[in-house]
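Take a look at the letters that make up each chain.
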Amino acid sequence: MNHLITKTFLYAYSDLESLAEAAEVAAENKAVLSFRALCSAYDAAETVAEELRTAARLIRLKEELDAALGCLSEEEHFLLEYKYFRRGEAGADARSMYPSRSYFRRQAALQKRIACLLAARGWTNARFLEEFGKYAPFVRLFRALKMRERAMKAGVRERGPALRVPRTDRGAETGACP
């Protein structure tokens, strides 16, 4: 499963219930106001049904993520709280607890583990596109994560290596001792 899809699910995890409720309210509003629709009654009913299906898919995703996250250790939950959920003071000292490289390695390993747990529950790239490929909040989040990743990769390439080599001919020009 694509790591950006995993990130999309993790960043949206905290809001899945409210997104499902919003989809249900949207379905109800579309049903109540269907008399104003310029389309056929069948098309209006189909849009209402699609909103209800979206709400059901969001609830099912929340349940599957709950099951997958239930398999994690306390330390992995702590890392998730810090990076993705930002709940309370849980992650206040997460970065100070680990050396920088160790923190990023642990986050990468955790993300791979969650992707594997979701893949075991049937989540693939094709299923993501089938169920949420047209769902605007997930599409926007996925694109934003993709752009952020590209920008980070481009920034690393533009900066080049951090190692600076001192010039040896500088002392000869100024007359200073090496």
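Note that the coordinates shown come from a computational prediction; the quantities given were computed from them, not determined experimentally.

Reading the values: rules and limits
- Residues numbered from 1 in each chain as written.
- Predicted model: local features only at pLDDT ≥ 70, side-chain atom pairs only at ≥ 80, totals over all residues.
- Heavy atoms only, no water.
- Core = buried A, V, L, I, M, F, W, Y, C linked by side-chain atoms within 4.5 Å.
- Buried < 20%, exposed > 50% of the residue type's maximum accessible area, 1.4 Å probe, protein only.
- Helix = DSSP H or I, 4+ residues; strand = E, 2+ residues; numbered from the N terminus.
- Contact = heavy atoms within 4.5 Å.
- Axes fitted to C-alpha atoms, helices over the stretch in contact; angles between N-to-C directions.
- Parallel < 35°, antiparallel > 145°, perpendicular 65-115°, else oblique.
- Left-handed = near helix turned anticlockwise from the far one by under 90°.

(A) Main features of the nonpolar core. Counting 32 residues, the largest nonpolar core has Phe9, Leu80, Phe132 and Phe138 as its most contacted members. Of all the secondary structure elements, the ones that give two or more residues to this core are α1 (3-12), α2 (16-32), α3 (41-69), α4 (74-85), α6 (100-120), α7 (125-132) and α8 (136-159). In contact with leucine 80, other than residues within four places in its own chain, are Leu10, Leu69, Leu72, Phe85, Leu110 and Ile114.

(B) Molecular detail of the environment of cysteine 71. Relative to the helices and strands, cysteine 71 is located in the loop between α3 and α4. A relative accessible area of 39% places cysteine 71 in the partly exposed class. The sequence separation of cysteine 71 and arginine 113 amounts to 42 residues, and the corresponding C-alpha distance is 10.0 Å. Dropping the residues within four chain positions of it, cysteine 71 is found in contact with Arg113, Leu117 and Arg121.

(C) Quick peek at the environment of arginine 143. Mapped onto the secondary structure, arginine 143 falls in helix α8. On the accessibility criterion, arginine 143 (55% relative accessible area) is exposed.

(D) Structural view of the packing of α2 against α3. Packing of α2 against α3 brings their axes to within 8 Å, and their N-to-C directions diverge by 165 degrees. The orientation of α2 relative to α3 falls into the category roughly antiparallel. Between α2 and α3 lies a crossing whose hand is left-handed. On α3, the residues touching Leu16, Glu17, Leu19, Ala20, Ala23, Glu24, Ala26, Ala27, Lys30 and Ala31 of α2 are Thr47, Val48, Glu51, Leu52, Ala55, Leu58, Ile59, Leu61, Lys62 and Leu65.

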